[in-house]
Amino acid sequence: MDEDSRRFEVINAKVGIIGSGKIGEALIKGLISSKKLSRKCLCASDVREERRKYISKKYLIECLHSNLELVDKSEVVILAVKPNDVKKVLHGIREKLTDKHLLISIAAGVTIDFLLKTLGKPIPIVRGMPNLPVLVREGMTVLASQNGTEEHLAMAREIFESVGKVVFMEEKYMDAVTGLSGSGPAYIFMVIEALVEAGVKVGIPRETSTLLAAQTTLGAAKMILETEEHPALLREMVTTPGGVTIDGIIQLEEGKLRTSIINAVVKATERSRELVLND
Ligand SMILES: NC(=O)c1ccc[n+]([C@@H]2O[C@H](COP(=O)([O-])OP(=O)(O)OC[C@H]3O[C@@H](n4cnc5c(N)ncnc54)[C@H](OP(=O)(O)O)[C@@H]3O)[C@@H](O)[C@H]2O)c1
């Protein structure tokens, strides 16, 4: 039995992804690898011809030029274009979008109100904020919904769980989410980069230092998720009285590591609020 003749019951709908860029491709890859959806039930679109060729060749799915055709073929339409392209795309597809569709938008700063006003009709909508690690199927996606049924929400959850973890929150948290998990990978990359340089400074070869820093970060994050302990308690577990780690911690406190990170999230949240598109 080939892959497409088996039954894929997890996502019981045809899914179309408008915009086959970084996040669009990550979703295609996640949905196919997780086997939640058969290739026959998945299609994508893009304005660029080379991108369409690449996607259809690599993932063996239809990658269309026409967004209208995609909407015709899909029950769930995922909008994965840049925020500035959202209005144009919606104007192009609104005649074909009906309340039988579920529209999922991941465009940063584009509110559900903006989407509904632009469409001019009450379509079930889910707004999502994924982050870059969806590319390696370890993303964190926050979803908010309007007019969606339980079935729609379950479907949206399944789609984004194919590329990582998912939580539902009220839409009012989206700017804060953008500042924390949306921008967060950049902060963590900086921390890892600093650890790598530190390793080099104390004599560890760069390649090994990179592995040590990245795996230490991954392990620490996994311990928080798996033990559900407070990070401060886990930190205490590494900090022997009079030992080595406390000397490192004192340096981090002097450099105001925690204050700097809190300030970074606050500033990014404020910036996200400034950039919101709602009319
Ligand atoms: N990257 C992240 O970490 C991240 C995190 C959270 C949310 N998001 C959101 O996810 C969305 C996609 O981001 P991305 O990083 O994947 O962007 P991207 O790599 O630029 O992908 C968007 C793709 O859509 C294409 N496109 C533009 N207009 C189109 C149209 N009318 N019809 C079909 N395709 C069209 C683009 O082509 P051109 O390049 O020719 O324009 C590009 O290939 C954005 O709204 C962003 O805010 C991204």
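All values derive from a computational prediction rather than experimental measurement.

J.: When you look at the overall build of the chain in this model, what are you seeing that I'm missing?
T.: Along its length, the chain carries 12 helices and eight strands. Along the first, second and third principal axes, the C-alpha set of the chain runs to 70 × 50 × 35 Å. Out of the 279 residues in the chain, the part that is buried amounts to 39%. Taking all contacts inside the chain whose residues are at least 6 apart in sequence as the whole, residues at least 24 apart take part in 64%.

J.: Please explain the site of the ligand as it appears in this structure.
T.: Residues in close proximity to the ligand total 22 residues, the closest being Ile23, Asp46, Arg48, Val81 and Ala108. For the ligand, an oxygen atom lies 3.1 Å from a polar atom in the backbone of Lys22. Burial of the ligand by the protein chains amounts to 83% of its free accessible area of 880 Å². Here the residues of the shell around the ligand sort into 13 nonpolar, four polar and five charged.

J.: I'm lost on helix α8 (residues 184-201) in this one. Help?
T.: Here α8 is 18 residues long and its end C-alpha atoms lie 26 Å apart, about the 26 Å a rise of 1.5 Å per residue gives. Within α8, burial applies to Gly184, Pro185, Tyr187, Ile192, Val196 and Gly199. Buried residues belonging to α8 abut α7 (174-182), α9 (206-227) and α12 (257-275). Phi turns positive, to about 100°, at Gly203, one or two residues after α8.

J.: Can you help me understand the domain arrangement of the chain in this one?
T.: Quoted interface sizes are often the accessible area lost when the parts come together. As assigned here, the chain comprises domain 1 (3-171) and domain 2 (184-275). Each of domain 1 and domain 2 has a C-alpha centre, and these two points are 33 Å apart.

J.: Hey, could you run me through the state of the cysteines in this one?
T.: By definition, a disulfide links the sulfur atoms of two cysteines through a covalent bond. What the rule picks out here adds up to zero disulfides. Of the cysteine sulfurs around Cys43, a residue in no disulfide, the closest is that of Cys63, at 8.4 Å. For Cys43, a relative accessible area of 6% translates into the label buried.

J.: Mind showing me how you'd approach the environment of Lys36 here?
T.: With respect to the secondary-structure elements, Lys36 resides in the loop between α1 (22-33) and β2 (42-45). The exposure class assigned to Lys36 is buried, which follows from its relative accessible area of 11%. For the pair Lys36 and Gly109, spaced 73 residues apart in sequence, the C-alpha separation works out to 28 Å.

Reading the values: rules and limits
- Throughout this description, residue numbers start from 1 for each chain and increase along the sequence as written.
- Thresholds applied to this predicted model are a pLDDT of at least 70 for local features of residues and 80 or more for the giving and counting of side-chain atom pairs; totals over whole chains, interfaces and linings are not thresholded and use all residues.
- No hydrogens and no water enter the side-chain calculation; it runs on all heavy atoms of the structure.
- Starting at the N terminus, helices and strands are each numbered in turn, a helix being any DSSP run of H or I of at least four residues and a strand any DSSP run of E of at least two.
- Burial here depends on accessible area, computed with a 1.4 Å probe over protein chains only, as a share of the maximum for the residue type. Under 20% is buried, over 50% is exposed, and the range in between is partly exposed.
- Here, residues are in contact when the closest pair of their heavy atoms is within 4.5 Å.
- In these notes, residues near a molecule or strand are those with any non-hydrogen atom within 4 Å of it.
- Think of a polar contact as two N or O atoms within 3.5 Å of one another; within protein, one of them needs to be a possible hydrogen donor and the other a possible acceptor, and neighboring residues in sequence only count if both atoms come from side chains.
- Accessible surface is estimated by sampling points in the Shrake-Rupley manner with a 1.4 Å probe; for residues, cover comes only from the protein chains shown.
- Three classes are used, and their members are as follows: Ala, Val, Leu, Ile, Met, Phe, Trp, Tyr, Cys and Pro are nonpolar, Asp, Glu, Lys and Arg are charged, and the others, Gly among them, are polar.
- In this scheme, a helix's expected span is set at 1.5 Å multiplied by one less than its residue total.
- Where each domain begins and ends follows an automated or database-derived domain assignment.
- Two cysteine sulfur atoms make up a disulfide if the distance between them is within 2.5 Å.

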